[in-house]
Structure formats: C-alpha cells, structure tokens
Amino acid sequence: LEEARWGLDWLMRTRWGDGYRHCGRIIGFWTDNIIGGTDDITTMAENRPYDNLLVASVFARAAVVFREEDPMYAGLCARYAKEDFAFGVECMHRAPAQSFSFVNQLQLNAQAALTAVELYAAFDEAEYLRQAARFARIVLSCQCMAPPEGFRIPLRGFFYESEEKKRIQASFHRSYEHVAVQSLAELFAAEPGHPDSAAWPEGLLPAVAFLKVVQNAPP
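Residues numbered from 1 in each chain as written. Predicted model: local features only at pLDDT ≥ 70, side-chain atom pairs only at ≥ 80, totals over all residues. Heavy atoms only, no water.

### Things to note about the overall build of the protein
Thinking step 1. Across its full length, the protein holds seven helices and zero strands.
Thinking step 2. In the protein, the succession of helices and strands from N to C terminus is α-α-α-α-α-α-α.
Thinking step 3. Considering only contacts within the protein whose residues lie at least 6 apart along the sequence, 64% involve residues at least 24 apart.
Thinking step 4. Each charge sign in the protein was given a centre, from 21 positive and 28 negative side chains, and these centres are 5 Å apart. (Helix = DSSP H or I, 4+ residues; strand = E, 2+ residues; numbered from the N terminus. Contact = heavy atoms within 4.5 Å. Lys, Arg positive; Asp, Glu negative; His and termini not counted. Charge placed at Lys NZ, Arg CZ, Asp CG, Glu CD.)

### So, the confidence of the model for the protein
Thinking step 1. Of the residues in the protein, 94% reach a pLDDT of 70 or more, and the chain-wide mean stands at 89.
Thinking step 2. Between the elements of the protein, mean pLDDT differs from a low of 80, seen in helix H7 (residues 199-216), to a high of 97, seen in helix H5 (residues 126-141). (pLDDT = per-residue confidence, 0-100.)

### Observations concerning the pattern of salt bridges
Thinking step 1. Enumeration over the complete set of coordinates arrives at 14 salt bridges.
Thinking step 2. Linking Lys82 and Glu125 is a salt bridge whose minimum nitrogen-to-oxygen distance equals 2.7 Å. Here Lys82, found in helix H3 (residues 71-92), pairs with Glu125, found in the loop between helix H4 (105-123) and H5; they are 43 residues apart in sequence, far enough to count as distant.
Thinking step 3. When its relative accessible area of 29% is taken as the criterion, Lys82 is described as partly exposed.
Thinking step 4. Among the charged side chains, a network of salt bridges with common partners joins Arg15, Arg21, Arg79, Glu83 and Asp84. (Salt bridge = Lys/Arg side-chain N within 4 Å of Asp/Glu carboxyl O. Buried < 20%, exposed > 50% of the residue type's maximum accessible area, 1.4 Å probe, protein only.)

### Describing the environment of Tyr128
Thinking step 1. Structurally, the position occupied by Tyr128 is in helix H5.
Thinking step 2. Residue classification places Tyr128 among the buried positions, given a relative accessible area of 9%.
Thinking step 3. In sequence terms Tyr128 and Glu118 are 10 residues apart; their C-alpha atoms lie 8.5 Å from each other.
Thinking step 4. If near-sequence neighbours (up to four positions away) are discounted, Tyr128 is found in contact with Lys82, Phe85, Ala116, Leu119, Tyr120 and Phe123.

Pasting the structure below:
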C-alpha cells in the first residue's frame with residue numbers, strides 16, 4: 001500500500017484538475033542532481049482522453065483499496081476517478097480519434113468501456129454501467145466476426161482500428177492490446193444480466209480463440 005500510495009501521489013501532483021496532466025517524458029540519461037543542467041527536461045501538460053481514462057481506472061481501484069485503510073484518501077481518489085473519467089469522455093468526443101497521437105476509435109472506446117465498468121464496480125452508480133455498455137457496442141462493431149475473404153487460415157475475432165474495418169489493429173510497446181478483450185470480460189463479470197450481456201461473450205470467445213491460434217502458430 002505504501003508503494004501504491006507513492007504512485008498515486010505522483011498521479012495527483014501531475015494533474016491540473018481541468019483535464020490537463022503531465023502524461024510523461026522519455027529521457028535517455030540520469031540526473032546529475034544539479035539544477036539548470038542539461039538533464040532538467042520540461043514537458044507540456046496535455047489534455048489526452050486516453051491518459052485521463054487510464055488514470056481514472058487507477059484512482060477507482062485505489063478508492064476501493066484505501067476505503068478502510070484511509071477513508072479520506074479514498075474519497076480523494078474517488079473524486080479524481082470521476083473527474084478524470086468525465087474529462088476523458090468529454091475530450092474523446094470533441095475531435096476525431098486520429099488527432100490523439102497513437103490512439104484510434106477502438107483503443108479509446110475499449111479503454112472508456114473498461115474504465116466505466118471499473119467505476120461502476122467501485123461506486124455502484126448505474127450511469128457508469130450505461131456508459132460502459134455504450135462504449136462496448138462500439139468495440140464490438142470494430143471486431144471481425146467472420147473470416148475475411150481471401151484469408152488462407154479462417155481467422156476471426158481480431159479487431160480493426162475503427163468501425164470502418166479498413167485497417168487491422170496493431171499494438172506497439174505500450175501494450176494496450178488486452179483492453180478490448182478485458183473490457184468485455186469485466187462487463188460480463190460485473191453485470192451478466194444486462195440486456196447487452198449476450199453480446200459480450202459472443203465477442204469475447206472468438207477473440208480468445210484468435211489469440212490461441214496466433215500464439216500457437218509456427219514462426
């Protein structure tokens with residue numbers, strides 16, 4: 001918990017409370033501990049929907065973890081979880097997904113669905129479940145449910161970058177490829193009686209089968 005709190009404090013200190021936060025900076029050298037040296041790199045705060053959604057998930061889980069340990073701190077995490085989720089959702093609808101650097105329609109809506117269901121699990125507020133289901137419908141619309149024409153191996157279950165299904169989703173080293181599948185799994189676990197619940201395993205099972213085929217494929 002002490003280690004988790006250190007990370008949470010960093011997330012709190014790097015948010016401005018209006019949707020803007022310091023999302024990260026890559027450097028290739030260690031500090032010399034001298035103020036004004038070449039290693040003192042600054043970075044601009046940005047209002048990125050994906051980052052706000054991702055951090056909202058972290059704060060939601062922290063609100064549950066610290067609920068008995070430190071109720072006041074848990075309350076602060078809960079407030080930030082709800083605020084950052086709202087900032088993320090507002091911003092993701094303000095401009096096309098292509099304008100947010102590496103993210104696309106699938107990635108944004110998958111993370112939004114996952115974050116919303118985690119907020120629903122943490123705070124038991126039906127509005128988060130409603131939003132999670134709405135985002136999940138878009139995720140499922142990005143999925144390939146039948147083998148495309150011309151595929152030598154009858155693969156299905158993978159995802160495209162968008163509902164247009166023009167380009168297959170590929171992930172790079174930040175490793176977000178699990179989010180679409182995880183969002184469907186957590187939704188079904190959280191509310192198996194939901195009107196959309198039949199669609200979630202329908203998307204989940206072929207996705208898992210696709211992963212098994214890919215993992216067992218010869219090099």
